Amino acid sequence: MENHSNYFSEVRLRYAPSPTGYLHVGGARTALYNFLYARKHKGKFILRIEDTDQERSSMESLKMVLADMKWLGLNWDEGPNAETLEGMGSYGPYKQSERLKIYDEVAQDLLKRGLAYYCFMTDAEIDAQRQTQMADGAAHPHLESPYETMALADAQAKIKSGEKAVVRFKTRHLKKDYHLNDLIRGDVHFPSDMVGDFVLLRSDGMPVYNFCCVVDDYKMKISHVLRAEEHLSNSLRQLMIYEAMSWPTPQFGHVSLVLDDDRQKLSKRKGATSCNQFREEGYLPEALLNFVALLGWSHPEEKEILSLQEMIDSFSTDRLHSSGAVFDRVKLKWVNAQHLRAKAPVEMWGLIEPFLKANNISFPEDRPWKFQSLEVFKNYLEIVSDAVPFYKLLDDKYFEILSESAEVLGWPTSRAVVQEWQNAVKEFAGTAFTEDDFNKLQDAVKIKSQTKGKNLFMPMRVAVIGKPHGTELKILVPLMSKASLISRAQKVLDSMK
RNA sequence: GUCCCCUUCGUCUAGAGGCCUAGGACGGCUCCCUUUCACGGAGCAGACACGAGUUCGAAUCUCGUAGGGGACGCCA
């Protein structure tokens, strides 16, 4: 028996995703809380891959999850390297599929000590037994395996002869309450008859979640486990295994669930739920983390816009709370806008440019122009992809006169305004406009066309961007070329014939 | 069905027996700024699930009811 005094001498937390698709936002939140706790207490953050479900796990998914974690900036100290997938750290392997020997040893120990047994029941037999129990009105129908009492040697002989068996944990002799001192929920009690003999090892030798989770948390010296509430009832099984092995238990904290707007567990059918989708839609990783952190945790001073470092500094489990939280995409957008608008121009352009290129939008290759345009559009952007329609306005190949302009162009004075505008641009001596230049041009149009107010403004705006509402012309026009303005006005004139 | 967890404005939340006439944020509405839109600013509406108890005093403690969620797999 190992000496367990001071077993958790280091703060070690883990996030343990199963690689069955992109990282889910609920998973990102769980990962974040573990990450924050580890960083706050100068501990280690470990990424462990729970890939014992061979059916659903894939290498592709693993790479996607790792990429999402990296994108979010939730860097792990131990676990598979995001590029090479090789384990980093001294408690590996970090993929459960590579730890089969470890689980097997523990299972053998349990078998030898009579705390687990080989069970040869078929699905049909299990089903039939359940039916009978239900018919008898049993309060807690649980599996009663005839193999529970079979001598280990006999069972081993059966297996040698080619029969398949699972390893089950014995629960029927455990007649007592188990309790968990949860960091978030306080004392939680479970009656032992809540569960029946459960599977430790599948018939193909693969361990099952509740088993390998305990083995790994112990072997990897995980000191704190923050996980989703859906695992709360799993804790009983895990507690039983800890007890059977005389292993010290980590501190558990069960975080509430992230819900959809119908208060069900967040599901894909209602829109984006994976971090990757949000990335593609133009959300910032720091904004997504910030938002998701607030779903079940609050800053001590109720500050809402937080950097990762601020979250680390102010994180504590006693501000984690226990009821489910609805994922409000509208507020996420607002949080994202706050982070986005706070960016320096260079950084913001770096974010926007890929979206423009992906949408085949052309733009001048000079820095002052880029930053000037950012200054103009910044306050209109909530997510990065919002930039696309704005920059489209400036790209001649996308210029079109929108139907909402029809009314404005129908006004009796509009034709004169557009014509005078075009003339004024044509007569302009320079090639690039300043705000001041624009004001002068506008005054000229005003006088010559004998209009003012919206009769002047709106047709001019249509002549520039093809629609009567939008960004202020005096800041937009300096971003455009003389030739472009002339040809746009011409298109509008042509459309008015 | 059984067991476990949860319940403050539409949503995220603050709240640890008197500081609560319940505060903030998103969203909504009104107004201001603006010859449009957005940004920004000012304001308004909006919640302690219900019922008992404990207490001089309850959003806060206890019990019950209702509602919601989760788990009951050779998924995690």
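Draft legend 1. Focus on the sheet that holds strand 6 (residues 166-169). Strand order in the open sheet made by the three strands is 5-6-9, with antiparallel pairing throughout. The strands lining the two open edges of the sheet, one partner per strand, are strand 5 (116-119) and strand 9 (199-201). Along the sheet, successive strands turn relative to each other by an average axial angle of 40 degrees, direction set aside. Sheet topology places strand 5 next to strand 6; four bridges connect them, and they run antiparallel. Each residue of the ladder has a partner; that of Ala116, found in strand 6, is Phe169.

Draft legend 2. Seen up close, the protein's contact with RNA strand B. In the neighbourhood of RNA strand B, 56 residues make up the surrounding shell, with Arg185, Arg202, Gln264, Gly453 and His469 lying closest. With respect to RNA strand B, the side chain of Glu50 contributes an N or O atom lying 2.8 Å from a sugar or linking oxygen. With respect to RNA strand B, the side chain of Tyr380 contributes an N or O atom lying 2.7 Å from a base oxygen. Contributions of two or more residues to the surface near RNA strand B are made by strand 8 (186-191), strand 13 (325-326), helix 11 (329-341) and helix 18 (454-465). A per-element tally of the surface near RNA strand B places helix 11 first, with four residues. In terms of residue class, the surface near RNA strand B is made up of 16 nonpolar, 21 polar and 19 charged.

Draft legend 3. Seen up close, the packing of aromatic side chains. For the coordinates displayed, the defined rule picks out 21 aromatic pairs. A centroid spacing of 5.8 Å and a plane angle of 50 degrees characterise the contact between Phe278 and Phe327, whose relative ring orientation is tilted. Placement of the pair is Phe278 in helix 8 (residues 275-281) and Phe327 in the loop between strand 13 and helix 11, with a sequence separation of 49 residues. You'll find Phe278 and Phe327 in the same group, each marked buried.

Draft legend 4. Representation of the side chain of Ser223. Relative to the helices and strands, Ser223 is located in the loop between helix 6 (209-219) and strand 10 (224-228). We classify Ser223 as buried; its relative accessible area is 5%. In this structure the side chain of Ser223 is engaged in a polar contact, spanning 2.9 Å, whose partner is the backbone nitrogen of Arg12. The contact partners of Ser223, leaving out residues within four places of it in the chain, are Phe8, Glu10, Val11, Arg12, Pro250 and Gln251.

Draft legend 5. Geometry of the environment of Glu148. Its place among the elements puts Glu148 in the loop between helix 4 (123-135) and helix 5 (152-160). Between the C-alpha atoms of Glu148 and Val258, which are 110 residues apart in sequence, the distance is 40 Å. Among all residues touching Glu148, those that are not within four sequence positions of it are Tyr117, Lys170, Arg172 and Asp197. A distance of 2.4 Å separates the side chain of Glu148 from the side chain of Arg172, its partner in a polar contact.

Draft legend 6. Main features of the nonpolar core. One finds Met69, Leu72, Phe327, Ile352, Tyr391 and Trp421 to be the most contacted residues of the largest nonpolar core, which totals 102 residues. For this core, the leading source of residues is helix 1 (residues 25-40), giving nine residues. Sequence-distant contacts of Leu72, defined by excluding residues within four places in its chain, comprise Leu23, Ala28, Cys275, Pro285, Leu288 and Leu289. Cys119, Ile126, Leu239 and Ile241 belong to the second largest nonpolar core, which has 50 residues in total.

Draft legend 7. Region of interest: the pairing of strand 7 (residues 177-182). Side chains Tyr178, Leu180 and Asp182 of strand 7 all project onto a buried face; the interleaved residues Asp177, His179 and Asn181 project onto a face where none is buried. Looking at chain direction, strand 7 and strand 8 are connected through six bridges and run antiparallel. Note that in strand 8 the partner of Tyr178 across the bridge is Phe190. Here strand 7 folds back onto strand 8 in antiparallel fashion, the turn holding three residues.

Draft legend 8. The arrangement of the packing of helix 3 (residues 100-112) against helix 6 in detail. Remark: helix 3 packs on helix 6, axes separated minimally by 10 Å, with the N-to-C direction vectors making an angle of 105 degrees. If you check the angle between helix 3 and helix 6, you find them roughly perpendicular. From helix 3, Ile102, Tyr103, Val106, Ala107 and Leu110 reach across to helix 6, where they touch Phe211, Cys212, Val215, Asp216 and Lys219. Of the residues that constitute the contact of helix 3 with helix 6, the class distribution is eight nonpolar, no polar and two charged.

How each quantity is defined
Residues numbered from 1 in each chain as written. Chains lettered and ligands numbered in written order. Predicted model: local features only at pLDDT ≥ 70, side-chain atom pairs only at ≥ 80, totals over all residues. Heavy atoms only, no water. Pairing = 2+ DSSP bridges. Helix = DSSP H or I, 4+ residues; strand = E, 2+ residues; numbered from the N terminus. Axes fitted to C-alpha atoms, helices over the stretch in contact; angles between N-to-C directions. Near = heavy atom within 4 Å. Polar contact = N/O pair within 3.5 Å; in protein donor to acceptor, adjacent residues only side chain to side chain. Nonpolar A, V, L, I, M, F, W, Y, C, P; charged D, E, K, R; others polar. Phe/Tyr/Trp six-rings, centres within 6.5 Å; stacked < 30°, edge-to-face > 60°. Buried < 20%, exposed > 50% of the residue type's maximum accessible area, 1.4 Å probe, protein only. Contact = heavy atoms within 4.5 Å. Core = buried A, V, L, I, M, F, W, Y, C linked by side-chain atoms within 4.5 Å. Parallel < 35°, antiparallel > 145°, perpendicular 65-115°, else oblique.

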